[in-house]
Amino acid sequence: MASGIAGKVVVVTGAASGIGRAAVRLFADEGASVVAVDVDADALARSITDAPPGVLPVAADVSREDDVDEYMTRAVRRFGRIDGHFLNAGIFGSFAELPDVTLEEFRHVFDVNVGGQFLGMRAAFRQFALQEGAGAIVLTASIASLAGSSDLLAYHASKHATVGLVRAGSVYGGPLGIRVNAVAPGIVPTRLFIADADARGGANDMESRAATTPLRRAGAPREIATVAAFLLADDSSYVTGQVLSADGGASAVNTVRPSGGAGAWDAAAFDASFYRYPRGGAASAHETHDDRIES
């Protein structure tokens with residue numbers, strides 16, 4: 001069990017399901033008072049029906065400045081202060097190929113994933129200043145913060161931006177006694193991917209994809225929540241500016257070595273089934289390495 005969080009007041013966004021829901025329960029079980037924030041009021045109400053005492057539900061859209069101000073106001077009114085923020089709310093967008101991603105989708109993903117984390121972090125800094133005290137902020141990054149993929153363009157870009165928020169926030173906050181870190185989950189089956197459950201890379205093949213990680217399994221929401229609890233707790237008092245991966249070892253794998261799956265699948269067959277747009281500019285299948293160098 002995580003220690004050092006008992007007695008603290010912690011805000012959790014995206015609290016109605018998945019990692020956020022697990023975090024609310026874990027933090028409350030550890031003795032923290034929790035402000036549970038989610039845009040879906042009904043789902044939020046259902047998620048805390050059997051939660052421990054000391055949980056304050058607040059329906060709010062994290063991408064709206066007024067809503068962020070409101071959940072902060074209600075939190076301070078109820079508990080008198082805030083010690084930590086777990087800025088976890090996020091969306092993934094669609095599985096559209098890059099040429100088909102709309103500007104509307106791109107902006108919406110950034111509004112929630114980046115704008116919501118920025119507004120939450122700014123509100124945290126402002127509240128800590130009013131309290132004339134220190135605090136801790138944890139953002140939910142992703143394995144998508146550390147490497148790229150040919151799909152989920154807006155999501156990948158937004159999660160790379162999360163790392164920028166962590167690093168800049170930690171540099172500003174350090175002299176003030178405010179720590180800013182992130183947890184970067186790998187494959188954790190949650191409601192986030194249910195909307196495109198049948199899409200390749202969605203919910204339908206999460207378990208099989210996770211089986212290729214060093215731990216050979218998917219993670220559970222509570223396993224990510226425990227990392228967030230550590231980063232919020234006094235036990236991590238000398239940790240800031242870090243992105244801590246909780247991904248079953250996926251980010252440690254060298255994919256061009258045999259143990260990382262290199263050569264274990266047919267790239268040409270995969271490309272033929274994955275890409276709708278014609279290929280161009282890449283070396284042809286019959287061209288040798290020496291041919292490419294000499295040309």
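What you see is a predicted model; the values in this text were computed from it and never measured.

The rules we used
- Residues numbered from 1 in each chain as written.
- Predicted model: local features only at pLDDT ≥ 70, side-chain atom pairs only at ≥ 80, totals over all residues.
- Heavy atoms only, no water.
- 1 Å grid on protein atoms, 1.4 Å probe; cavity = no way out; pocket = protein on both sides within 12 Å on 5 of 7 lines; lining within 4 Å.
- Points joined across faces, edges and corners; volume = space filled by probe spheres on them.
- Nonpolar A, V, L, I, M, F, W, Y, C, P; charged D, E, K, R; others polar.
- Helix = DSSP H or I, 4+ residues; strand = E, 2+ residues; numbered from the N terminus.
- Contact = heavy atoms within 4.5 Å.
- Pairing = 2+ DSSP bridges.
- Axes fitted to C-alpha atoms, helices over the stretch in contact; angles between N-to-C directions.
- Buried < 20%, exposed > 50% of the residue type's maximum accessible area, 1.4 Å probe, protein only.
- Lys, Arg positive; Asp, Glu negative; His and termini not counted.
- Salt bridge = Lys/Arg side-chain N within 4 Å of Asp/Glu carboxyl O.
- Expected span 1.5 Å × (residues − 1).
- Bend = angle between axes of the 7 residues up to and from the residue.
- Right-handed = clockwise from strand over helix to strand, strands pointing away.

Undergrad: Break down empty space enclosed by the protein for me, with residues and values.
TA: A full pass over the atoms with the stated rule returns 1 cavity of 30 Å³ or more. Counted as a void, the largest cavity has a volume near 40 Å³. Around the largest cavity sit Thr-13, Val-62, Tyr-71, Leu-87, Asn-88, Ala-89, Val-112, Gly-116 and Gln-117, which together line it. Class assignment of the residues belonging to the lining of the largest cavity gives a composition of 5 nonpolar, 4 polar and no charged.

Undergrad: Outline the environment of Gly-135, supporting the account with residue identities and numerical values.
TA: Mapping Gly-135 onto the fold places it in strand S5 (residues 135-140). Along the backbone, Gly-135 and Gly-84 are 51 residues apart, and their C-alpha atoms lie at a distance of 5.7 Å. Non-local contacts of Gly-135, meaning those with residues more than four positions away in its chain, are made with Asp-83, Phe-128, Gly-177, Ile-178 and Arg-179.

Undergrad: Explain the sheet that holds strand S3 (residues 55-59) to me, using residue names and the numbers behind them.
TA: Overall, parallel pairing links the 7 strands, which are arranged S3-S2-S1-S4-S5-S6-S7 in an open sheet. At either margin of the open sheet sits one strand with a lone partner, and together these are S3 and strand S7 (243-246). Each strand of the sheet is rotated relative to its neighbour by a mean of 20 degrees, with strand direction disregarded. The sheet contact formed by strand S1 (residues 9-13) and strand S2 (residues 33-38) spans 5 bridges and is parallel. Along S2, the bridge assignment pairs Val-9 with Ser-33. Relative to the sheet, helix H1 (residues 18-29) contacts S1, S2, S3, strand S4 (84-87) and strand S6 (178-185), its axis offset from that of S1 by approximately 165 degrees. Across the face of the sheet, helix H7 (residues 221-232) comes into contact with S1, S4, S5, S6 and S7 while running at roughly 165 degrees to S6.

Undergrad: Which residues make up the side chain of Lys-159, and what are the values?
TA: The topology assignment puts Lys-159 in helix H5 (residues 153-173). Although Lys-159 is buried, it forms no salt bridge, and the closest oppositely charged side chain is Asp-38 at an N-O distance of 13 Å. Those residues in contact with Lys-159 that lie beyond four places of it in its chain are Asn-113, Gln-117, Thr-140, Ala-141, Ser-142, Ala-144 and Ser-145.

Undergrad: With reference to specific residues and values, describe helix H4 (residues 103-131).
TA: In this model H4 runs 40 Å from its N-terminal to its C-terminal C-alpha over 29 residues, within 8% of the 42 Å that 1.5 Å per residue would give. At Asp-111, H4 shows its maximal bend, which comes to roughly 35 degrees. Looking one or two residues beyond H4, the residue adopting positive phi is Glu-132, at roughly 55 degrees.

Undergrad: Break down the pairing of S6 for me, with residues and values.
TA: Among the 8 residues in S6, 8 count as buried, and that is most of the element. Covered by surrounding structure in S6 are Ile-178, Val-180, Ala-182 and Ala-184 together with Arg-179, Asn-181, Val-183 and Pro-185, the residues of both alternating faces. Two elements, S5 and S6, share 6 bridges in a ladder whose sense is parallel. Along S6, the bridge assignment pairs Ile-137 with Val-180. The β-α-β motif built from S5, the intervening H5 and the parallel element S6 has right-handed crossover chirality. Judged from the 4 bridges that link them, S6 and S7 form a sheet pairing that is parallel. Residue Pro-185 lies in a different strand from S7, and its bridge partner there is Ala-246.

Undergrad: Explain the pattern of salt bridges residue by residue, including any values.
TA: A complete count under the given rule lists 6 salt bridges for this structure. Among the ionic pairs, Asp-50 bridges to Arg-25, the shortest N-O distance being 2.5 Å. Highlighted residues: Asp-50 in the loop between helix H2 (41-47) and S3 and Arg-25 in helix H1, separated in sequence by 25 residues. Among the residues examined, Arg-25 registers a relative accessible area of 18% and is labelled buried.

Undergrad: I'd love a proper account of the environment of Val-183, names of residues and values included.
TA: Tracing the backbone shows Val-183 in strand S6. On a C-alpha basis, the gap between Val-183 and Val-243 in space is 5.6 Å, while along the polypeptide they are 60 residues apart. In this structure Val-183 touches Phe-86, Val-138, Leu-139, Thr-140, Ala-141, Ser-142, Ile-224, Val-227, Leu-231, Leu-244 and Ala-246, once residues within four positions along its chain are discounted.

Undergrad: I'd like a rundown of unusual backbone geometry, residues and numbers included.
TA: Of note, the phi angle at Glu-132 is positive, near 55 degrees, even though the residue is not glycine. By the secondary structure assignment, Glu-132 is in the loop between H4 and S5. Residue Leu-152 is not a glycine yet carries a positive backbone phi of 50 degrees. Here Leu-152 shows up in the loop between S5 and H5.

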